[in-house]
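Observations on the three-dimensional arrangement
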Amino acid sequence: MVARAGEGPVLLAKKLGGLLLIVLGCLLLVAGINLESTVLSLLGALSLIAGLIFWVLKIIRRNESSQIR
């Protein structure tokens, strides 16, 4: 399951960072909606999108390295 030992800590940091951004984005988005704050809602949405982008890029990179050429 591990692609390369040298990239392990970097990939783990990106995965955890993306997860943290997703959770933070959801919390900020809900708080912004409840408090009717446009700024909090916008920050939450941006954080959620950034976390999803990190995860998508990680998945794309993992799939590129596993293809047989």
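Residues numbered from 1 in each chain as written. Predicted model: local features only at pLDDT ≥ 70, side-chain atom pairs only at ≥ 80, totals over all residues. Heavy atoms only, no water.

A few words now on the side chain of serine 41. Looking at the element boundaries, serine 41 is found in helix α2 (residues 38-66). A distance of 3.0 Å separates the side chain of serine 41 from the backbone oxygen of serine 37, its partner in a polar contact. Other than its neighbours up to four places away in sequence, serine 41 contacts Leu28, Leu29, Gly32 and Ile33. (Helix = DSSP H or I, 4+ residues; strand = E, 2+ residues; numbered from the N terminus. Polar contact = N/O pair within 3.5 Å; in protein donor to acceptor, adjacent residues only side chain to side chain. Contact = heavy atoms within 4.5 Å.)

Let's shift gears to a nonpolar patch on the surface. A cluster of nonpolar residues, Leu12, Leu16, Leu19, Val23, Leu27, Phe54 and Trp55, forms a patch on the protein surface that exposes about 650 Å² of accessible area. The element that contributes the greatest number of residues to the nonpolar patch is helix α1 (residues 8-34), accounting for five residues. Within the secondary structure, leucine 19 is located in helix α1. Using a relative accessible area of 39% as the deciding quantity, one classes leucine 19 as partly exposed. (Patch = residues over 30% accessible without salt bridge, like charges linked within 9 Å, V, L, I, M, F, W, Y side chains within 5 Å. Areas by Shrake-Rupley, 256 points an atom, 1.4 Å probe, with all protein chains shown as cover. Salt bridge = Lys/Arg side-chain N within 4 Å of Asp/Glu carboxyl O. Buried < 20%, exposed > 50% of the residue type's maximum accessible area, 1.4 Å probe, protein only.)

In this section: unusual backbone geometry. Not every positive phi belongs to a glycine, and glutamate 36 is a case in point at roughly 55°. Relative to the helices and strands, glutamate 36 is located in the loop between α1 and α2. A relative accessible area of 72% places glutamate 36 in the exposed class.

Another point: the side chain of serine 47. Its place among the elements puts serine 47 in helix α2. Within the structure, serine 47 has its side chain in polar contact with the backbone oxygen of leucine 21 (distance 2.9 Å). When neighbours within four sequence positions are excluded, serine 47 is seen to be in contact with Leu21, Ile22, Leu24 and Gly25.

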